[in-house]
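Chain by chain, the residues:
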Amino acid sequence: MSSAVPSSLPRSRRALLFVPGDDPRKIAKAAASGADCVVLDLEDGVAAGRKLVARETVSSSLQSLDFGASEKLVRVNPVGSELHPGDIEATIAARPDGYVVPKVESAEQVREVARRTSLAPLALLALIESARGVVQAAAIAASDPRLEALLFGAEDLAGDMGATRTREGAEMAWARGAVVVTAAAFALQAIDTVFVDLGDLESLRREARAACTMGYAGKMAIHPKQIPVIQESFTPSDEEIEKARLLVEIHAGHQASGEGVFALDGKMVDWPMIRAAQRLLSRARAAGKFQ
Ligand code: COA
Ligand code: MG
């Protein structure tokens, strides 16, 4: 069996902007930012003494602000922490579109959130950001039908592994690959880690393009100025779309005349390239660039 290809069009999740849940000014900016998803954070972006204020701010922002086309997500504290149950209780009535669950290390942790939120139609997204999380990624990916994405968290993982983060990211290569392969195997989206150097948009673009070529659907953002760079990096260009469209069209013609494989511009074309072209067109469609 080959890896599962989702039959319906997945939600476009190119740029996921994180915003501290206790900061109404930033939340208002995030709501108007044009990010594909806004993640209202109750976890590590909020100081210990501000957790309860953050719950109230997140809940009232969800009810009062217009987030436009952005998906409204809440990042709760980890399953098993004292804060976790109250985070969901305090925000679920404000109807977020989904929850981001951090530091996931087992399928049971996702199922626990699924049970707690079973009455609401919500998406669940799991952050894989510990050594145990990476090792358990397949079980986590298979945990619940409402799980839609695996998010790769390199900063926490580096701390957990005793790895030192570098600009090139070689120390994260294996885990970054494991997360995207596992996500694809279970027809989930994979979302790449944050880029913390706010002043270096060119390196952000390089990292985002590299993640896109690996099969990642998007990347987390921590500042509004990172959004357009990330969105461009995960949106196929007009040229790529035209090339893919042509490939699919020519392939259909060859199939009709009984040829499984052919050459185009001096390169062999067969099914793997056609599937890649179909996926690219599907990403373009999800981003609203292709009908
Ligand atoms: N969401 C929404 N708005 C944001 C934002 C975010 N993540 N980050 C910055 N802004 C806003 C600021 O409020 C500021 O708006 P203003 O000029 O109207 O006051 C504007 O963008 C420019 O911000 P800037 O001065 O460049 O950044 P900063 O020093 O205020 O903030 C950070 C820097 C890193 C603290 C901030 O970007 C941030 O909080 N990021 C999210 C961090 C987070 O959630 N981490 C946990 C998940 S990994
Ligand atoms: Mg983290």
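Calculation notes
- Residues numbered from 1 in each chain as written.
- Chains lettered and ligands numbered in written order.
- Predicted model: local features only at pLDDT ≥ 70, side-chain atom pairs only at ≥ 80, totals over all residues.
- Heavy atoms only, no water.
- Patch = residues over 30% accessible without salt bridge, like charges linked within 9 Å, V, L, I, M, F, W, Y side chains within 5 Å.
- Areas by Shrake-Rupley, 256 points an atom, 1.4 Å probe, with all protein chains shown as cover.
- Salt bridge = Lys/Arg side-chain N within 4 Å of Asp/Glu carboxyl O.
- Helix = DSSP H or I, 4+ residues; strand = E, 2+ residues; numbered from the N terminus.
- Buried < 20%, exposed > 50% of the residue type's maximum accessible area, 1.4 Å probe, protein only.
- Near = heavy atom within 4 Å.
- Polar contact = N/O pair within 3.5 Å; in protein donor to acceptor, adjacent residues only side chain to side chain.
- Nonpolar A, V, L, I, M, F, W, Y, C, P; charged D, E, K, R; others polar.
- Core = buried A, V, L, I, M, F, W, Y, C linked by side-chain atoms within 4.5 Å.
- Contact = heavy atoms within 4.5 Å.
- Donors = N, O, S within 2.8 Å, 3.2 Å for Na, K, Ca; no water.
- Domains from an automatic or database assignment.

Points about a nonpolar patch on the surface
In step 1: On the surface, Val-196, Leu-198 and Ile-222 cluster together into a nonpolar patch covering about 230 Å² of accessible area.
In step 2: Within the secondary structure, Val-196 is located in the loop between β7 (189-192) and α9 (201-214).
In step 3: Take Val-196: its relative accessible area is 53%, and that puts it in the exposed class.

Here's the deal with the site of ligand 1
In step 1: Of all residues adjacent to ligand 1, which total 15 residues, the nearest are Phe-18, Arg-25, Lys-26, Ile-222 and His-223.
In step 2: Between an oxygen atom of ligand 1 and a side-chain N or O atom of Arg-25, the distance comes to 2.8 Å.
In step 3: Contact distances for ligand 1 include 2.7 Å between a nitrogen atom and a backbone N or O atom of Ile-222.
In step 4: In the complex, the protein chains occlude 62% of the 880 Å² of accessible area that ligand 1 would expose alone.
In step 5: Looking at the shell around ligand 1, the elements that each hand over two or more residues are β1 (15-20) and α1 (24-31).
In step 6: Split by residue class, the shell around ligand 1 holds eight nonpolar, two polar and five charged.

What about the nonpolar core?
In step 1: Of all hydrophobic cores here, the largest spans 59 residues; its most connected members are Leu-40, Leu-150, Phe-152 and Tyr-216.
In step 2: For this core, the element with the highest residue contribution is helix α8 (residues 173-185), accounting for five residues.
In step 3: With residues near it in sequence (within four places) discarded, Leu-150 still touches Ala-126, Ile-128, Ile-140, Ala-141, Val-179, Thr-182, Ala-183, Leu-188, Gln-189, Ala-190 and Ile-191.
In step 4: Counting 15 residues, the second-largest nonpolar core is a separate cluster that includes Ala-123, Leu-125, Leu-151 and Ala-217.

Examining the coordination of the magnesium ion (ligand 2)
In step 1: Taken together, the protein donors to the magnesium ion (ligand 2) comprise Glu-129 (OE) and Asp-156 (OD), at separations of 2.1 to 2.6 Å. Linking Glu-129 in the loop between β5 (123-128) and α5 (131-135) with Asp-156 in helix α7 (residues 154-161), this pair joins segments that are 27 residues apart in sequence.
In step 2: The buried category is assigned to Glu-129, whose relative accessible area is 5%.
In step 3: By relative accessible area, Asp-156 is classed as partly exposed at 30%.

Re the domain arrangement of the protein
In step 1: Domain parsing of the protein yields domain 1 (15-233) and domain 2 (238-286).
In step 2: If you average the C-alpha positions of domain 1 and of domain 2, the two centres end up 33 Å apart.

A few points about helix α3 (residues 84-91)
In step 1: Within the sequence span of α3, burial applies to His-84, Gly-86, Asp-87, Ile-88 and Thr-91.
In step 2: The inward-facing, buried residues of α3 abut α2 (51-64), β3 (71-75), β4 (98-101) and α4 (107-116).

Side note on the pattern of salt bridges
In step 1: Evaluated as defined, the whole model comprises 29 salt bridges.
In step 2: When the shortest N-O distance is used, the salt bridge between Glu-207 and Arg-176 registers 3.5 Å. Here Arg-176 lies in helix α8 and Glu-207 lies in helix α9, a separation of 31 residues in the sequence. The pair formed by Glu-207 and Arg-176 is uniform in burial state, with each residue classed as buried.
In step 3: Linking Asp-238 and Lys-289 is a salt bridge whose minimum nitrogen-to-oxygen distance equals 2.9 Å. Taken together, the positions of Asp-238 in helix α11 (residues 238-256) and Lys-289 in the segment after α12 (271-286) put the pair 51 residues apart, joining distant regions of the chain.
In step 4: Via salt bridges that share partners, Asp-41, Glu-43, Asp-44, Arg-75, Lys-103 and Asp-156 belong to a single interconnected network.

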